[in-house]
Amino acid sequence: MDVRRVVTGHDASGKSVFVSDEAVAPRKPALLPGSEFTRLWGGDEAPHFPDDGTMPKWHSYFPPIGGFRFWIVTLPPGNVETPLDGLDFDAAVAEAEEQLPGLLGYLDLEDAGMHTTDTVDFEVVLEGPLILELDDGAEVTLQSGDTVVQNGTRHRWRNPGDNPARFAVFLAGASHDKVAPGS
């Protein structure tokens, strides 16, 4: 599903103006069937006002310290079979890396879906339910309108429902005081 993104800025005299209003198509990597990642905004440095509506430059799915990202993520229902028969695995990995640079490197290959990032994540469930699971097995079921502030914890998302679930996430690059990067 395309998401409408309206961006504001300033004209030459400093007056507020709309600088863009466009549909943003999701990225749908074949390696993650049924998942959609809609990149809405981001930057690798502290924000500056981009008065012309141009998105700041950034290079990876997760931001560095001082960087930020804004995504809408859609997860397929967990009860739906997602056959990968006939999938060219190498091509699918390359496609995922092109669409979501660096994301796959954060995923725990021995514990599907688990990942840890050096970010503070602000999430709001748009369409649920969604289950957020932490590394000790603790889970919370979230419904539409529920929010999460996630502080660099190891976790995974699951959709226990019968329909796709969606959440908006704002990621801010951060430093771990007591956890080594990539732990």
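Whatever comes next refers back to the structure up there.
Residues numbered from 1 in each chain as written. Predicted model: local features only at pLDDT ≥ 70, side-chain atom pairs only at ≥ 80, totals over all residues. Heavy atoms only, no water.

Student: Now, about the sheet that holds strand S9 (residues 155–158): what can you tell me, with residues and values included?
Tutor: Taken together, the three strands give an open sheet; going across it, the order is S7-S6-S9, and neighbouring strands pair in antiparallel fashion. Lying at the two open borders of the sheet, with one neighbouring strand each, are strand S7 (139–142) and S9. Here the strands of the sheet are splayed against their neighbours by 20° on average, with no regard to which way each runs. Here strand S6 (residues 130–134) pairs with S7 via four bridges, running antiparallel. The residue of S7 that forms the bridge with leucine 132 is valine 140. (Pairing = 2+ DSSP bridges. Helix = DSSP H or I, 4+ residues; strand = E, 2+ residues; numbered from the N terminus. Axes fitted to C-alpha atoms, helices over the stretch in contact; angles between N-to-C directions.)

Student: Summarise the side chain of threonine 38; cite the residues concerned and give the values.
Tutor: Looking at the element boundaries, threonine 38 is found in strand S3 (residues 36–43). The contact partners of threonine 38, leaving out residues within four places of it in the chain, are Met1, Val3, Val24, Ala25, Pro26, Phe70, Trp71 and Ile72. (Contact = heavy atoms within 4.5 Å.)

Student: Account for helix H1 (residues 89–99), with residues named and values stated.
Tutor: Along H1, the residues classified as buried are Ala92, Ala96 and Gln99. For H1, the angular spread of buried residues about the axis comes to 70°, placing them on one side. Counted as exposed and oriented over 90 degrees from the buried face of H1: Asp90 and Glu98. The backbone nitrogen of aspartate 90 has a side-chain oxygen 3.3 Å away, supplied by the residue at the start of H1, namely aspartate 88. (Buried < 20%, exposed > 50% of the residue type's maximum accessible area, 1.4 Å probe, protein only. Arc of directions from axis to C-beta. Polar contact = N/O pair within 3.5 Å; in protein donor to acceptor, adjacent residues only side chain to side chain.)

Student: Quick one: what's the story with the sheet that holds strand S4 (residues 68–75), residue by residue and with numbers?
Tutor: The strand order S3-S4-S10-S5-S8 describes an open sheet built from five strands, whose pairing is antiparallel. Looking at strand neighbours, the two that pair on one side only are S3 and strand S8 (147–151), the edges of this open sheet. Between one strand and the next, the sheet's axes are offset by a mean angle of 15°, whatever the strand orientation. Across eight bridges, the pairing between S4 and strand S10 (residues 165–173) is antiparallel. If you follow leucine 75 over to S10, its bridge partner there is alanine 165.

Student: Tell me what's going on with the environment of phenylalanine 49, and back it up with residues and numbers.
Tutor: Structurally, the position occupied by phenylalanine 49 is in the loop between S3 and S4. Linking phenylalanine 49 and histidine 10, residues 39 residues apart in sequence, is a C-alpha distance of 8.8 Å.

Student: Pulling in residues and values, what's your account of the pattern of salt bridges?
Tutor: According to the stated counting rule, one finds eleven salt bridges in the structure shown. Here arginine 156 makes a salt bridge to glutamate 133, at a shortest N to O gap of 2.9 Å. Placement of arginine 156 in strand S9 and of glutamate 133 in strand S6 is noted, with a sequence separation of 23 residues between them. Ionic contacts of the salt-bridge type, sharing partners, join the residues Asp108, Asp111, Glu133, Glu139, Arg154, Arg156 and Arg158 into one network. (Salt bridge = Lys/Arg side-chain N within 4 Å of Asp/Glu carboxyl O.)

Student: Run through unusual backbone geometry, naming residues and quoting values.
Tutor: Omega for the peptide link from glycine 128 to proline 129 comes to 10°, which places this bond in the cis form. Turning to its location among the elements, proline 129 is positioned in the loop between strand S5 (119–127) and S6.

Student: So what's going on with the side chain of arginine 5? Residues and values would help.
Tutor: Along the chain, arginine 5 turns up in strand S1 (residues 3–10). A relative accessible area of 14% means that arginine 5 is categorised as buried. A distance of 2.6 Å separates a polar atom in the side chain of arginine 5 from a polar atom in the side chain of glutamate 22. Of note is the side chain of arginine 5, whose polar atom sits 2.8 Å from the backbone oxygen of leucine 40. Those residues in contact with arginine 5 that sit more than four places away from it in its chain are Ser20, Asp21, Glu22, Val24, Arg39, Leu40, Trp41 and Met55.

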